[in-house]
Amino acid sequence: MSGSGSLPFALCLLLAAASLISGPAAAQNEPRINASEDVNIHQYSSPIVLQCNLTTSPSPLTYSYWVKNGEEISGTKKNSNITEHKILKIRADESGEYLCVFMFANSPVANATIEVKAIPDITVHKRSENKNEGQEAVMYCKSVGFPHPDWMWRKKVNGVFVEINNSSGRFFITNKDNYTELSITNLQISEDPGEYECNATNPIGSASATTILRVRSHLAPLWPFLGILAEIIILVVIIVVYEKRKRPDEVPDDDEPAGPMKSNSTNNHKDKNLRQRNTN
């Protein structure tokens, strides 16, 4: 009985020892990657080198490559445990989430993430927007820079930008990652014209851009026609005044013919007297 009871006990010890041995061995076969620290880039930063070093490989390495914001970066594939990616032009659009990816022959993919962060760089849709009263105005801004910013719209009131008050219910703001849009319906000429600012803020910093909104009256489309009509009226008035001033100088007075007529009568009288004398 004692001999048969000791056999299962010895088997349990053997299995326990095997598990202790295989546990560390399995852990050693997991891939390990030493990656660069996250980077904050600024306007005057030097070129950046991102690096990943595969220190432990579960199976033979097939190749590695780099990914930015979910898209593979062309020309980065190589067969090496150490891989680098250089960022030579330090701009906000070079920021993002970078991954070094390692592919193995008989093991799952391994990767490491490096975040390159930058202050938002904003591009505004238009510097100015012209609309008619009662129409809808849509203004929007885009930005580059990582992480994605928090957006805010302001309007200049008494020389100071203040957050938009939507008490009228005519303002609609849409934010999505690196894009923001402000829509104003049923424009009012007495309330809505002015300078609007979109502001983007992320953990690195903030930036803003402005757009000037002009609202014209309902009669704005008639202004060209009214201008032409006014020019025609002015031209007609000038012609009439000119004609009235011209007539007194060109038409002779009623008294002027009396002089020459009297002179002719005198001459006729003289001719008659001369004939009488000749007869005598």
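Look a little higher up for the structure.
These figures come from a predicted structure and were not determined experimentally.

Student: How would you sum up the packing of aromatic side chains? Please name residues and give values.
Tutor: Counted according to the given criterion, the structure contains two aromatic pairs. Relative to tyrosine 65, the ring of tyrosine 63 has its centre 6.0 Å away and its plane inclined at 35°; by these criteria the two rings are tilted. Accessibility expressed as a relative area gives 27% for tyrosine 63, which makes it partly exposed. According to the relative accessible area criterion, tyrosine 65 is buried, its value standing at 16%.

Student: Now, about the pattern of salt bridges: what can you tell me, with residues and values included?
Tutor: Scanning the entire structure with this criterion turns up nine salt bridges. The residue glutamate 195 makes a salt bridge to lysine 156 at a minimum N-O spacing of 3.3 Å. With glutamate 195 in strand S16 (residues 194–202) and lysine 156 in strand S12 (residues 150–157), this pair connects stretches of sequence that are 39 residues apart. One salt bridge connects aspartate 192 with arginine 170, and the closest N-O pair in it is separated by 2.9 Å. Residue aspartate 192 is located in the loop between strand S15 (179–184) and S16, and its partner arginine 170 is located in the loop between strand S13 (160–163) and strand S14 (171–176); the two are separated by 22 residues in the primary sequence. Judged by relative accessible area, aspartate 192 falls into the buried class, the value being 1%. Residue class for arginine 170 comes out buried when judged on its relative accessible area of 9%.

Quick notes on the rules
- Numbering of residues starts from 1 in each chain and follows the order in which that chain's sequence is written.
- Given that this is a predicted model, residues contribute local features only at a pLDDT of at least 70 and side-chain atom pairs are listed and counted only at 80 or more, while totals for whole chains, interfaces and linings are drawn from all residues.
- Only hydrogens and water are removed before side-chain values are computed, so all heavy atoms of the structure are retained for them.
- When two rings of Phe, Tyr or Trp (its six-membered ring) have centres within 6.5 Å they constitute a pair, described as stacked for plane angles under 30 degrees, edge-to-face for angles over 60, and tilted for the intermediate range.
- Note on exposure labels: buried denotes an accessible area under 20% of the residue type's maximum, exposed denotes more than 50%, and partly exposed covers the range between, all computed with a 1.4 Å probe on protein chains only.
- For this analysis, a salt bridge means a side-chain nitrogen from Lys or Arg found within 4 Å of a carboxyl oxygen belonging to Asp or Glu.
- Numbering of helices and strands runs from the N terminus; a helix is a DSSP stretch of H or I covering at least four residues, while a strand is a stretch of E covering at least two.

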